[in-house]
Amino acid sequence: VQLQASGGGLVQAGGSLRLSCVTSGIIFNIKAMNWYRQAPGKQRELVAGITSGGSTNYADSVKGRFTISRDTAKNTVYLQMNSLKPEDTAVYYCNLLENTAWGPVGYWGQGTLVTVSS
């Protein structure tokens, strides 16, 4: 299983970006797909997630500004980020959770850098 994230870049505060994560490989039972981020000197944190059933969840810090969505035909999950703030600056990682007989197994993409200037 491979995850390829893209769409990061430099944007001014108040601007927007859309991140994409394309998955490839054989996946039998997706539990959820998530976006995490890690800012310099901080721990990686969950930003948004979408389950196989389509339920979504967001970190409080991004609610109302970020939207996670997916296109199953394209094996792609998106993160639309609006009203960006300097504190959103981080490397963003996509994550896939697969249900297995041994419990959930996680896969990670390589990360894409988002820089928000003030």
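Residues numbered from 1 in each chain as written. Predicted model: local features only at pLDDT ≥ 70, side-chain atom pairs only at ≥ 80, totals over all residues. Heavy atoms only, no water.

**Some words on the sheet that holds strand S1 (residues 2-6)**
No. 1: The strand order across the open sheet built from four strands is S1-S3-S8-S7, with neighbouring strands paired in antiparallel fashion. Single-partner strands in this sheet number two, and they are S1 and strand S7 (66-71). Neighbour to neighbour, the strand axes of the sheet diverge by 15° on average, direction disregarded.
No. 2: With six bridges joining them, S7 and strand S8 (residues 76-81) adopt antiparallel strand pairing. Across the sheet, aspartate 71 pairs through a bridge with threonine 76, a residue of S8. (Pairing = 2+ DSSP bridges. Helix = DSSP H or I, 4+ residues; strand = E, 2+ residues; numbered from the N terminus. Axes fitted to C-alpha atoms, helices over the stretch in contact; angles between N-to-C directions.)

**Things to note about the layout of surface pockets**
No. 1: Size it by volume and the largest pocket reaches roughly 230 Å³.
No. 2: Counting only elements with at least two residues in the lining of the largest pocket, the list comes to strand S3 (17-24), strand S4 (30-38), strand S5 (45-51), S7 and S8.
No. 3: Tallying contributions element by element places S4 first for the lining of the largest pocket, with three residues. (1 Å grid on protein atoms, 1.4 Å probe; cavity = no way out; pocket = protein on both sides within 12 Å on 5 of 7 lines; lining within 4 Å. Points joined across faces, edges and corners; volume = space filled by probe spheres on them.)

**Notes on the nonpolar core**
Nonpolar side chains in soluble globular proteins tend to end up buried together.
No. 1: Grouped together as the largest cluster of nonpolar side chains are 26 residues, with contacts concentrated most on Trp35, Val47, Phe66, Leu79, Met81 and Tyr92.
No. 2: Looking at this core, the elements that each hand over two or more residues are S1, S3, S4, S5, S7, S8, strand S9 (90-98) and strand S11 (112-117).
No. 3: No other element matches the four residues that S9 contributes to this core.
No. 4: Setting aside residues no more than four positions away along its own chain, methionine 81 makes contact with Gly15, Ser16, Leu17, Leu19, Arg65, Phe66, Tyr92 and Val114. (Core = buried A, V, L, I, M, F, W, Y, C linked by side-chain atoms within 4.5 Å. Buried < 20%, exposed > 50% of the residue type's maximum accessible area, 1.4 Å probe, protein only. Contact = heavy atoms within 4.5 Å.)

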